[in-house]
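The residues making up each chain are set out below.
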Amino acid sequence: MKHYTYLFIDFACIIIPFLFSFYPKHAFYKYWGAFFKANLIVAAVFITWDYFFTNHGIWGFNEAYLTGVYLGNLPIEELLFFICIPYACVFTFFALKYLIKNNPLNKYESKITIVLVLALLTIAFLYIEKLYTSITFFSTALFLTYLKLKKTNLSYYYLSYFLILPFFYLSNGLLTGSFFVEPIVWYNDIENLGIRISNIPIEDSVYGMLLIFANIRLFNHFKKTQ
């Protein structure tokens, strides 16, 4: 059973959002077309990124927790991660739009974005030699800047992200060894800041934001054309 650990984590992340996707009043499954179009594009970018980082030893995987099925240098569980996590996050965004009509972050979203962009760019340039830090922080800062230039209201993006964070830390904590003797996913600390929340590199929080926001942005785009 140990070899199914990462696969089980993927399944656990998606099962509840999947089941609630069939809620008749606001059925998310009716927008699967928009989600999977968006997810395919974003996943292609992140899987390419993942392949490069794995190939260069910036992170890697513990075979003891994997089924042993690979595509290139990436385990199948890692590929499923880029479907399961975005699905749960986009579903959360979709649900919050109906559940919370007056978003408390609406009046703060521009300030949050400005602070984030400035902080991420500063850290990216200060630690340019650390590939996980610099590439992740710089990419996220650029994407946030792009969203603001497109006059995107990010209040529900941020609300979704903040509500997802506890579950992110739980699932990512499992992957990085918070609850196991060994991590499922290991990191080369030469390429990151070495700052961890439990066992989770701080960069993962920013990486997750970029993954989530990119999926939401494209989901909204394709949803309008559906």
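Since this is a predicted model, take the numbers as computed values, not measurements.

Enquirer: I keep staring at the overall build of the protein and nothing clicks. Help me out?
Expert: Counting secondary structure elements, the protein contains seven helices and six strands. Taken over the C-alpha trace, the protein has a radius of gyration of 17 Å; the compact-globule value for 226 residues is 17 Å, and the two agree within 12%. Over its C-alpha atoms, taken along the principal directions, the protein stretches across nearly 45 × 40 × 30 Å. A burial count over the protein gives 48% of its 226 residues as buried. Across the protein, contacts joining residues at least 24 apart in sequence account for 77% of those joining residues at least 6 apart. Total accessible area on the protein stands at roughly 11,600 Å², and carbon and sulfur atoms take up 70% of it. A distance of 23 Å separates the average location of the 16 positive side-chain charges in the protein from that of its 12 negative side-chain charges.

Enquirer: Is there a simple way to think about the packing of helix H1 (residues 5-20) against helix H3 (residues 76-99) in this case?
Expert: H3 packs onto H1 with a crossing angle of 25° between their chain directions and a minimal axis gap of 9 Å. When the interaxial angle is binned, H1 and H3 end up roughly parallel. When you trace H1 past H3, the crossing you get is left-handed. Along the contact surface, H1 presents Tyr6, Leu7, Asp10, Cys13, Ile14, Pro17, Phe18 and Phe20, while H3 presents Glu77, Glu78, Leu80, Phe81, Cys84, Ile85, Tyr87, Ala88 and Phe91. Residue classes in the contact of H1 with H3 are distributed as 14 nonpolar, no polar and three charged.

Enquirer: What is the right way to look at H3 in this model?
Expert: For the α-helix, the turn length of 3.6 residues means that residues three or four positions removed from each other point alike. Taking 1.5 Å of rise per residue, 24 residues should cover 34 Å, and H3 covers 34 Å from first to last C-alpha, within 8% of that figure. Burial within H3 is extensive, with 17 of its 24 residues counted as buried.

Enquirer: What is the right way to read the layout of surface pockets from this model?
Expert: One way to see where empty space is left: roll a probe the size of a water molecule over the atoms. A volume near 970 Å³ is recorded for the largest pocket. In terms of lining residues, the largest pocket is bounded by 39 residues, among which Cys13, Pro17, Ala88, Ile164 and Phe167 are the most central. Considering each element in turn, the lining of the largest pocket owes the most residues, twelve residues, to H3.

Enquirer: Help me understand unusual backbone geometry in this model?
Expert: Most peptide bonds take the trans configuration, and most residues that are not glycine carry a negative phi. Even without a glycine there, the phi angle at Lys151 is positive, about 60°. Tracing the backbone through its elements, the reader meets Lys151 in the loop between helix H5 (131-149) and helix H6 (155-175). By relative accessible area, Lys151 is classed as exposed at 74%.

Enquirer: Looking at this model, I keep getting lost on the pattern of salt bridges. Mind explaining?
Expert: Opposite charge on two side chains allows them to pair when their charged atoms are near. The full count for this structure, using the stated rule, is two salt bridges. Residue Asp189 pairs with Arg196 through a salt bridge whose shortest N-O separation is 2.7 Å. Residue Arg196 is classed as partly exposed on the basis of its relative accessible area, which comes to 29%.

Enquirer: Any chance you could explain the nonpolar core here in plain terms?
Expert: Nonpolar side chains in soluble globular proteins tend to end up buried together. Grouped together as the largest cluster of nonpolar side chains are 65 residues, with contacts concentrated most on Phe28, Phe46, Leu144, Phe213 and Phe219. Tallying contributions element by element places H3 first for this core, with twelve residues. Other than its neighbours up to four places away in sequence, Phe46 contacts Phe82, Tyr207, Leu210 and Leu211.

Enquirer: Just checking my understanding: could you explain a nonpolar patch on the surface for this structure?
Expert: Together, Ile16, Phe18, Leu19, Phe20, Phe22 and Tyr29 make up an exposed nonpolar region whose accessible area comes to about 610 Å². Residue placement: Phe20 occurs in helix H1. By relative accessible area, which is 52% here, Phe20 ends up exposed.

Calculation notes
- Residues numbered from 1 in each chain as written.
- Predicted model: local features only at pLDDT ≥ 70, side-chain atom pairs only at ≥ 80, totals over all residues.
- Heavy atoms only, no water.
- Helix = DSSP H or I, 4+ residues; strand = E, 2+ residues; numbered from the N terminus.
- Rg over C-alpha atoms; globule rule 2.2 N^0.38 Å.
- Buried < 20%, exposed > 50% of the residue type's maximum accessible area, 1.4 Å probe, protein only.
- Contact = heavy atoms within 4.5 Å.
- Areas by Shrake-Rupley, 256 points an atom, 1.4 Å probe, with all protein chains shown as cover.
- Lys, Arg positive; Asp, Glu negative; His and termini not counted.
- Charge placed at Lys NZ, Arg CZ, Asp CG, Glu CD.
- Axes fitted to C-alpha atoms, helices over the stretch in contact; angles between N-to-C directions.
- Parallel < 35°, antiparallel > 145°, perpendicular 65-115°, else oblique.
- Left-handed = near helix turned anticlockwise from the far one by under 90°.
- Nonpolar A, V, L, I, M, F, W, Y, C, P; charged D, E, K, R; others polar.
- Expected span 1.5 Å × (residues − 1).
- 1 Å grid on protein atoms, 1.4 Å probe; cavity = no way out; pocket = protein on both sides within 12 Å on 5 of 7 lines; lining within 4 Å.
- Points joined across faces, edges and corners; volume = space filled by probe spheres on them.
- Salt bridge = Lys/Arg side-chain N within 4 Å of Asp/Glu carboxyl O.
- Core = buried A, V, L, I, M, F, W, Y, C linked by side-chain atoms within 4.5 Å.
- Patch = residues over 30% accessible without salt bridge, like charges linked within 9 Å, V, L, I, M, F, W, Y side chains within 5 Å.

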